[in-house]
Amino acid sequence: MFINNADGITKFVLASSITNHMDVILKIFKTVTFQNSDTTKNGTISFARFKQYPLGSGSKIYQAYCTACHSHDRELVGPALTPELINSRTREWLYTFFKDRKHLRQDNAYLARRKEFKELECMQFIDDPRQDVQQLVDYLKE
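What this report covers is the structure whose coordinates are included nearby. The shown structure was predicted, so the numbers you read here are calculated from the model rather than taken from an experiment.

**As for the packing of helix 5 (residues 91-99) against helix 7 (residues 130-141)**
Okay, so step 1: Between helix 5 and helix 7, whose axes approach to 10 Å, the crossing angle comes to 130°. Classified by the interaxial angle, the pair formed by helix 5 and helix 7 is oblique. For the crossing formed where helix 5 meets helix 7, the hand is right-handed. Across from Arg91, Leu94, Tyr95, Phe98 and Lys99 in helix 5, the residues of helix 7 making contact are Arg130, Val133, Gln134, Leu136, Val137, Asp138, Leu140 and Lys141.
Okay, so step 2: Split into classes, the residues belonging to the contact of helix 5 with helix 7 amount to 7 nonpolar, 1 polar and 5 charged.

In structure tokens, the structure reads:
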């Protein structure tokens, strides 16, 4: 669940990979409220949306998994994902980075970033379908 306007400023992310007992999960998600939230600015939570879009768009994948460590304009725990950084790598390179990083062990730019950020590893989407990882890459390359 991604709420872009939790209180007019704050973004809120709540995720679950549990797919059985969706009725219970939806009830839990629906109990999340924010005192000053304008619900007209956020989508409606429904079983059909979860069923049809398990991870959603590349933007939603980014919001759910990347924004805790990355920003588009400043360094946080991880590097800023500026257009300059993203465009310095091909779509194939980014896909490999997210899907199977062991193939980048000899890549100088990757090794330099790892050293700069104290060997912290960005999450990988090893078990996720190619389509979901490709959506994330497409979103970053927009």
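**What about the side chain of aspartate 107?**
Okay, so step 1: Tracing the sequence through the fold places aspartate 107 in the loop between helix 5 and helix 6 (108-116).
Okay, so step 2: The class for aspartate 107 is buried, based on a relative accessible area of 19%.
Okay, so step 3: Of note is the side chain of aspartate 107, whose polar atom sits 3.2 Å from the backbone nitrogen of alanine 109.
Okay, so step 4: Leave out the neighbours within four places in its chain, and aspartate 107 touches Arg89 and Trp93.

**Things to note about a nonpolar patch on the surface**
Okay, so step 1: On the surface, a cluster of nonpolar side chains totalling about 250 Å² of accessible area is made up of Leu76, Val77 and Leu120.
Okay, so step 2: Mapped onto the elements of the fold, valine 77 is located in the loop between helix 3 (58-65) and helix 4 (83-87).

**Some thoughts on the packing of aromatic side chains**
Okay, so step 1: Taken as a whole and assessed by the stated rule, the structure comprises 6 aromatic pairs.
Okay, so step 2: Relative to phenylalanine 98, the ring of phenylalanine 97 lies with its centre 5.3 Å away and its plane at 75°, an arrangement referred to as edge-to-face. The burial state of phenylalanine 97 is the same as that of phenylalanine 98; both residues are buried.
Okay, so step 3: Relative to tyrosine 110, the ring of phenylalanine 97 lies with its centre 6.0 Å away and its plane at 70°, an arrangement referred to as edge-to-face. Linking phenylalanine 97 in helix 5 with tyrosine 110 in helix 6, this pair joins segments that are 13 residues apart in sequence.

**Quick word on the pattern of salt bridges**
Okay, so step 1: Tallying each qualifying case throughout the model produces 6 salt bridges.
Okay, so step 2: Taking the shortest distance from any N to any O, the salt bridge between arginine 74 and aspartate 73 comes out at 3.5 Å.
Okay, so step 3: Looking at aspartate 73, the relative accessible area reads 60%, which means it is exposed.
Okay, so step 4: A salt bridge links arginine 91 to aspartate 138; the nearest nitrogen and oxygen atoms lie 2.7 Å apart. Here arginine 91, found in helix 5, pairs with aspartate 138, found in helix 7; they are 47 residues apart in sequence, far enough to count as distant.
Okay, so step 5: Taking the relative accessible area as the measure of exposure, aspartate 138 reaches 34% and is therefore partly exposed.
Okay, so step 6: Taken together, the shared-partner salt bridges connect Arg101, Arg114 and Glu121 into one network.

**Comments concerning the environment of tyrosine 65**
Okay, so step 1: Within the secondary structure, tyrosine 65 is located in helix 3.
Okay, so step 2: By relative accessible area, tyrosine 65 is classed as partly exposed at 31%.
Okay, so step 3: Along the chain, tyrosine 65 and methionine 123 lie 58 residues apart, while their C-alpha atoms are 8.0 Å from each other.

Criteria and thresholds
Residues numbered from 1 in each chain as written. Predicted model: local features only at pLDDT ≥ 70, side-chain atom pairs only at ≥ 80, totals over all residues. Heavy atoms only, no water. Axes fitted to C-alpha atoms, helices over the stretch in contact; angles between N-to-C directions. Helix = DSSP H or I, 4+ residues; strand = E, 2+ residues; numbered from the N terminus. Parallel < 35°, antiparallel > 145°, perpendicular 65-115°, else oblique. Left-handed = near helix turned anticlockwise from the far one by under 90°. Contact = heavy atoms within 4.5 Å. Nonpolar A, V, L, I, M, F, W, Y, C, P; charged D, E, K, R; others polar. Buried < 20%, exposed > 50% of the residue type's maximum accessible area, 1.4 Å probe, protein only. Polar contact = N/O pair within 3.5 Å; in protein donor to acceptor, adjacent residues only side chain to side chain. Patch = residues over 30% accessible without salt bridge, like charges linked within 9 Å, V, L, I, M, F, W, Y side chains within 5 Å. Areas by Shrake-Rupley, 256 points an atom, 1.4 Å probe, with all protein chains shown as cover. Salt bridge = Lys/Arg side-chain N within 4 Å of Asp/Glu carboxyl O. Phe/Tyr/Trp six-rings, centres within 6.5 Å; stacked < 30°, edge-to-face > 60°.

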